[in-house]
Amino acid sequence: MGPPGGGRTFITERLKRHYNVLAYSDLQDESIQQIFQTMAGYFFAGFDETIQSSIPTMIRCTVGIFKQALKDLLPTPAKCHYLFNLRDIWRVFLGLCTLSSKKANQ
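Reference entry: report on the structure contained in this document. (Residues numbered from 1 in each chain as written. Predicted model: local features only at pLDDT ≥ 70, side-chain atom pairs only at ≥ 80, totals over all residues. Heavy atoms only, no water.)

Section: the packing of aromatic side chains
Then, in step 1: Applying the stated criterion across every chain yields a total of 4 aromatic pairs.
Then, in step 2: Ring centres of Phe36 and Phe93 lie 4.9 Å apart, and the angle between their planes is 15°; on these two criteria the pair is classed as stacked. Taken as a pair, Phe36 in helix α2 (residues 29-43) and Phe93 in helix α5 (residues 86-96) lie far apart in primary sequence, 57 residues in all. Grouping residues by exposure puts Phe36 and Phe93 together as buried.
Then, in step 3: Here Phe43 and Phe44 contribute two aromatic rings whose centre-to-centre distance is 4.9 Å and whose plane-to-plane angle is 80°, an arrangement assigned as edge-to-face. (Phe/Tyr/Trp six-rings, centres within 6.5 Å; stacked < 30°, edge-to-face > 60°. Helix = DSSP H or I, 4+ residues; strand = E, 2+ residues; numbered from the N terminus. Buried < 20%, exposed > 50% of the residue type's maximum accessible area, 1.4 Å probe, protein only.)

Quick notes on the nonpolar core
Then, in step 1: If you look at the biggest cluster of nonpolar residues, it comprises 11 residues: Ile32, Phe36, Ala40, Phe44, Phe47, Ile55, Ile59, Val63, Phe66, Ile89 and Phe93.
Then, in step 2: When contributions to this core are tallied by element, the ones reaching two or more residues are α2, α4 (55-72) and α5.
Then, in step 3: Looking at this core element by element, the count peaks at 4 residues for α4. (Core = buried A, V, L, I, M, F, W, Y, C linked by side-chain atoms within 4.5 Å.)

Considerations on the pattern of salt bridges
Then, in step 1: Enumeration over the complete set of coordinates arrives at 3 salt bridges.
Then, in step 2: When the shortest N-O distance is used, the salt bridge between Glu13 and Lys16 registers 3.0 Å. With a gap of 3 residues between them, Glu13 and Lys16 both fall in helix α1 (residues 13-16), about one helical turn apart.
Then, in step 3: Residue Glu13 is classed as exposed on the basis of its relative accessible area, which comes to 58%.
Then, in step 4: A relative accessible area of 30% means that Lys16 is categorised as partly exposed.
Then, in step 5: Ionic pairing is found between Lys67 and Asp29, a salt bridge with its closest N-O pair at 3.3 Å. Of this pair, Lys67 sits in helix α4 while Asp29 sits in helix α2, and the two are 38 residues apart along the sequence. (Salt bridge = Lys/Arg side-chain N within 4 Å of Asp/Glu carboxyl O.)

See the structure below:
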């Protein structure tokens, strides 16, 4: 902040406390896979072994589709709201968590 004058006004600390800068780096694929591996491992613990063995493949494919969507479906001026993040992967797993082990094991 420059000194007052010349079109610049003094900004008080009381006003500046309401503004924050937050930055983070994107997670690596291994970190994302580990996060969802842990969550899926807990949820699918009561399922058959065939379903449990497909969890790593399911996670790897979901992360691959997510990365491809980030690369191909870029925001445009007409569709600037097309932004993808980890919530989109979470929604896939949220849908999978609605499975019932009684129905899926049959």
